[in-house]
Amino acid sequence: MTLRLILTRHAKSSWDDPLQEDHDRVLNERGRTAAPAIGAWLQKQGYLPDEVLCSTAARTRETLDRLGLPQAETEYVQRLYHASSDTMMDVLKRATGRTVMMIGHNPGIADFATRLLANTPAHPQFTRYPTCATLVAEFPEKEWRAVRFHTARAIDFIVPRDLTD
């Protein structure tokens with residue numbers, strides 16, 4: 001039995017209020033459309049998490065809510081707010097589910113995705129990891145604490161624009 005990670009960057013956020021703290025920014029209209037589209041795609045593909053590790057930022061929490069996925073054990077993790085790829089790996093190693101969704105931020109999430117994989121997907125947006133980009137990857141290990149960089153296999157990668165064009 002392999003371990004599966006669904007790695008999602010938060011959907012497009014609003015910059016309407018220049019005085020608002022970054023942590024408190026919510027999604028804009030584009031983000032509010034993109035998150036349900038990605039959620040529907042995940043459900044259609046059968047990529048459903050049994051555990052979610054989500055940054056505490058308002059935009060990541062709203063992204064999770066708007067994905068519309070079935071309930072899963074969810075933990076809001078302060079350390080995932082603008083986390084480095086090393087911090088993201090440290091958080092992932094504490095996971096307990098078989099299929100874990102992690103929702104975070106760039107630039108850390110793009111670096112994390114690249115470092116996880118043995119082979120990079122051919123998708124032209126992969127290295128940019130735009131808002132609401134989602135990687136589905138599998139690890140050969142049986143426990144999260146044993147996962148290492150450059151060992152995961154990309155199963156799927158999608159960006160919201162793939163669903164609207």
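Above this text sits the structure in question.
Cut-off values and rules
- Residues numbered from 1 in each chain as written.
- Predicted model: local features only at pLDDT ≥ 70, side-chain atom pairs only at ≥ 80, totals over all residues.
- Heavy atoms only, no water.
- Helix = DSSP H or I, 4+ residues; strand = E, 2+ residues; numbered from the N terminus.
- Expected span 1.5 Å × (residues − 1).
- Buried < 20%, exposed > 50% of the residue type's maximum accessible area, 1.4 Å probe, protein only.
- Arc of directions from axis to C-beta.
- Pairing = 2+ DSSP bridges.
- Contact = heavy atoms within 4.5 Å.
- Right-handed = clockwise from strand over helix to strand, strands pointing away.
- Salt bridge = Lys/Arg side-chain N within 4 Å of Asp/Glu carboxyl O.
- Axes fitted to C-alpha atoms, helices over the stretch in contact; angles between N-to-C directions.

Peer 1: Help me get a handle on helix α1 (residues 29-45), residues and values and all.
Peer 2: Turn by turn, an α-helix covers 3.6 residues, leaving residues three or four places apart pointing in a common direction. Counted at 1.5 Å a residue, the expected span for α1 with its 17 residues is 24 Å, and the 25 Å between its end C-alpha atoms agrees. Listed in full, the buried residues belonging to α1 are Gly31, Ala34, Ala35, Ile38, Gly39, Trp41 and Leu42. Angularly, the buried residues of α1 cover 160° about the axis, an arc narrow enough to put them on a single face. Exposed positions of α1 whose direction lies more than 90 degrees from the buried face are Glu29, Thr33 and Lys44.

Peer 1: Can you explain the pairing of strand β3 (residues 73-77)? Please cite residues and give values.
Peer 2: Pairing between strand β2 (residues 51-55) and β3: five bridges, direction parallel. Opposite Val52, over in β3, you have Thr74 as the bridge partner.

Peer 1: Go over the environment of Leu48, please, and point to the residues and values.
Peer 2: Its place among the elements puts Leu48 in the loop between α1 and β2. Along the primary structure Leu48 and Arg4 are separated by 44 residues, whereas in three dimensions their C-alpha atoms are 9.7 Å apart. Contact partners of Leu48, with chain neighbours within four places excluded, come to Ile6, Leu42, Gln43, Leu69, Pro70 and Thr99.

Peer 1: I'd like a description of the pairing of β2, backed by residues and values.
Peer 2: For β2, the buried fraction is high: five of the five residues fall into the buried class. Every second residue of β2 is oriented toward a common face, with Glu51, Leu53 and Ser55 on one face and Val52 and Cys54 on the other, all of them buried. A crossover links β2 with its parallel partner β3, the connecting element being helix α2 (residues 58-67), and its sense is right-handed. Pairing of β2 with strand β4 (residues 99-104), which is carried by four bridges, proceeds in the parallel orientation. Its bridge partner being in β4, Glu51 is matched across the sheet by Val100.

Peer 1: Can you explain the pattern of salt bridges? Please cite residues and give values.
Peer 2: A pair can form between side chains of opposite charge whenever their charged atoms are brought close. Inspection of every chain in the model, using the stated rule, returns 12 salt bridges. In this structure, the salt-bridge partner of Arg59 is Asp22, at a minimum N-O distance of 3.0 Å. With Arg59 in helix α2 and Asp22 in the loop between β1 (3-9) and α1, this pair connects stretches of sequence that are 37 residues apart. Classification of Asp22 by relative accessible area gives partly exposed; the value is 25%. The partner of Arg32 in a salt bridge is Glu29, with the nearest N and O atoms 3.5 Å apart.

Peer 1: I'd like a rundown of the sheet that holds β1, residues and numbers included.
Peer 2: Here six strands make up an open sheet; going across it, the order is β3-β2-β4-β1-β5-β6 and the pairing mixed. Strands with a single pairing partner mark the edges of an open sheet, and in this sheet they are β3 and β6 (153-158). Taking each pair of neighbouring strands and ignoring which way they run, the sheet shows an average axis angle of 15°. With six bridges connecting them, β1 and β4 associate as parallel partners.

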